[in-house]
Structure formats: C-alpha cells, structure tokens
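What follows is each chain in one-letter form.
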Amino acid sequence: MIFISMLEVGVYAYYANQTLIEDEDGQMVEITTDYLTGPVPEFSPFLYIPAKRLELWRFLTYILIHAGLEHLIFNIIIQLVLGVPLEMVHGGMRVGSIYFAGVLAGSLGTSVFDMNALLCGASGGTYALLAGHLANVILNFSEMPLGIIRIIIVFLIASMDVGFAIWRRYIGRGASTSYVAHFTGAVAGATMGLLILKNFDQKLHERFMMWVAMTVYIIIIIFTVFWNIFYNPHKASAAPT
C-alpha cells in the first residue's frame, strides 16, 4: 500500500503542474489547474474513458488519476490507515489481491451501471479495503477487540465519502466522474476478504461462507467481462443517421 500511495501522489503532482497539453488537432493549449477540485486530466492515458475501453490497461490505471486534492488525500489515508495494518496481519499478497480485485470490479461495474461516466481515483481499491476490514472483523470477531465499534466507524467513513462522491457526480464542477466503483469495489472487497483473509478460528459455516463469496465474485466478474465484450453503446451511437 505504501508503494501504491507514493505512485498515486507522484502522478497527481505531475498532472497538477501541467500547464500545456496537446489537443486532438496536435495544437498545444493552456490549461488552468484547481488543486482542490481538479480538473480531471481527461487527456491522460491512465483515465478510464468509456469510448476508449478497448485500451484494457485503463481498467486498472484509472487509480492513478484523482479529481482533486481532497479525493487523493482520502484515498491515501484509507490505504495507509487500513491497508498497512491489514498487510501486517494478513500479508501483502492477500491485501494486495483484495485491493486490485476492488479496482477491477470498480471499473467493470462502472462500465455496466454508469456507462457514460469517466472513472478516476482509487476508490474501487480503497472501498475494497474498507469492506475487507469488515470481513476481517467478521472472520475474527471473537479475537477482535471493539469489533462493533470498528464496523460502525467503517460505515460512517464510507457513508460520508459516498455522499460527497454523489454530490461531485451530479452537482459539483468538472468532468462527469462515476461513484459506482465505490459500491462494486466494496462488494469485491467483502467477497475476496471473506475468501482469502486469515481466519484464526475457522468454523464449518465460515468455510461455507468462503465458497459462497468466491462464487459471487466469479459470477460478477464473468458477467461484466462478457457485457463489455458483447455490448458497446459507443459503437451504436457512432453509427451514421
């Protein structure tokens, strides 16, 4: 999580200091930057753009682009405050798998449920970490001090951020960016967390819960992948009339 956070900060700083970009005609044009609210660098090859979804790397690299400083800070805090302690207990491979499962679910979910929106920020991954933390509490509740309080805090943090994301989507300034990744990332984090995080006192019903979680995640991923393969609204809208 530390390396990913440093990479996100570096990319944000790079684009925040851009003053000239090349437009579609190859001309250099001047841009203005608002460090607090953006703008989202829509010219970036990292940003997920629906019309360019055949550039498959965008389904993952969108986490490097953020819609302003407050967007970046929230994601970095979650990655460090929740991600690093989870890595210390469960290992970097497990936590990294949860994070990137949320990243992928975020972009795939957006491509299905919010098809015309741009996607930026690490919220798919950070919400996977939030949900993974809940999964950790559920799996190890008897060994987890203040388990209920931890769950309440996670829900409060998630609710405030989702509310702000919805405001930014429909009322705020700048590009139309999606908030669907928050929800689909959380679903991925919960299912993968129940599947791969360590359970220090595993019971039979918890093993069954693991297999259910794995099945749900696989079904969702397969559905969204096939949706992107066989349904492309941008091809239809580009047809001559």
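Since we're looking at a predicted model, the values are computed, not measured.

Remarks on the overall build of the protein chain
Summing up its helical and strand segments, the protein chain has nine helices and two strands in all. Each helix and strand of the protein chain, placed in order from N terminus to C terminus, yields the pattern α-β-β-α-α-α-α-α-α-α-α. Here the protein chain holds 241 residues, and the buried ones make up 48% of them. Summarising the internal contacts of the protein chain: among those between residues at least 6 apart in sequence, 73% fall at separations of at least 24. Total accessible area computed for the protein chain in this model is approximately 12700 Å², and 72% of it derives from carbon and sulfur atoms.

Some details on the pattern of salt bridges
Taken as a whole and assessed by the stated rule, the structure comprises one salt bridge. For arginine 58, the salt bridge is made with glutamate 55, and the minimal N-O distance between the two is 2.5 Å.

Observations concerning a nonpolar patch on the surface
A contiguous nonpolar surface patch, about 630 Å² in accessible area, is contributed by Ile2, Met6, Leu69, Ile73, Ile77, Leu80 and Val81. Elements represented by at least two residues in the nonpolar patch include exactly α1 (2-16) and α3 (69-90). Per element, the largest residue contribution to the nonpolar patch is five residues, and it comes from α3. One can find leucine 80 in helix α3. Judged by relative accessible area, leucine 80 falls into the partly exposed class, the value being 35%.

Digging into the nonpolar core
Leu47, Ile63, Ile65 and Tyr99 are the most contacted members of the largest nonpolar core, which totals 41 residues. Element by element, the count of residues in this core is highest for helix α4 (residues 92-113), at seven residues. What isoleucine 63 contacts, discounting residues up to four positions off in sequence, is Glu8, Tyr99, Phe100, Val103, Gly121 and Ala122. Core analysis: the next-biggest nonpolar cluster, separate from the first, contains eight residues, Ile78, Leu82, Leu130 and Leu134 among them.

Some points on the environment of phenylalanine 208
Within the fold, phenylalanine 208 resides in helix α8 (residues 204-230). Between the alpha carbons of phenylalanine 208 and leucine 195 there is a distance of 9.9 Å; along the sequence they are 13 residues apart.

A word on the side chain of arginine 53
The residue arginine 53 is located in the loop between β2 (28-30) and α2 (58-61) in this model. A polar contact is formed between the side chain of arginine 53 and the side chain of asparagine 228, at a distance of 2.8 Å.

Quick look at the packing of α3 against α4
The contact between α3 and α4 brings their axes to 7 Å, and the two run at 135°. Taken together, α3 and α4 sit at an angle that is classed as oblique. Only Gly92, Arg94, Val95 and Tyr99 of α4 make contact with α3, whose side of the interface consists of Gln79, Gly83, Leu86, Glu87 and His90. Across the contact of α3 with α4, the residue classes break down as three nonpolar, four polar and two charged.

Comments concerning the confidence of the model for the protein chain
Here the protein chain shows a mean pLDDT of 78. Residues at 70 or above account for 75%. Confidence drops under pLDDT 50 across residues 235-241; counting only partners more than four residues distant or on other chains, this segment forms zero contacts.

Conventions used here
- Every chain begins its residue count from 1, and numbering advances along the sequence as written.
- Thresholds applied to this predicted model are a pLDDT of at least 70 for local features of residues and 80 or more for the giving and counting of side-chain atom pairs; totals over whole chains, interfaces and linings are not thresholded and use all residues.
- As a rule here, side-chain values cover all heavy atoms of the structure and leave hydrogens and water aside.
- What counts as a helix is a DSSP run of H or I of at least four residues, what counts as a strand is a run of E of at least two, and both are numbered from the N terminus.
- Only protein chains enter the calculation, and the probe is 1.4 Å; a residue is then buried if its accessible area is under 20% of its type maximum, exposed if over 50%, and partly exposed in between.
- Residues are treated as being in contact if the distance between any of their heavy atoms lies within 4.5 Å.
- Using a 1.4 Å probe, the Shrake-Rupley method yields the accessible areas, and only the shown protein chains count as cover for residues.
- A pairing counts as a salt bridge when a side-chain nitrogen of Lys or Arg comes within 4 Å of a carboxyl oxygen of Asp or Glu.
- Nonpolar side chains (Val, Leu, Ile, Met, Phe, Trp, Tyr) within 5 Å and like charges within 9 Å form the patches, drawn only from residues with over 30% relative accessible area and no salt bridge.
- For this analysis, a nonpolar core means a set of buried residues of the types Ala, Val, Leu, Ile, Met, Phe, Trp, Tyr and Cys, connected via side-chain atoms within 4.5 Å.
- Between N or O atoms, a polar contact is any pair within 3.5 Å; within protein, one atom must be a potential hydrogen donor and the other a potential acceptor, and residues adjacent in sequence are included only when both atoms are from side chains.
- To get an axis, fit a line to the C-alpha atoms, keeping to the stretch in contact for a helix; angles then go from 0 to 180 degrees between the N-to-C directions.
- The cut-offs work like this: below 35 degrees is roughly parallel, past 145 is roughly antiparallel, 65 to 115 is roughly perpendicular, and the gaps in between are oblique.
- Under the convention adopted here, Pro, Cys and the residues Ala, Val, Leu, Ile, Met, Phe, Trp and Tyr are nonpolar, Asp, Glu, Lys and Arg are charged, and Gly plus all remaining residues are polar.
- Scored from 0 to 100, pLDDT records how confident the predictor is in each individual residue.

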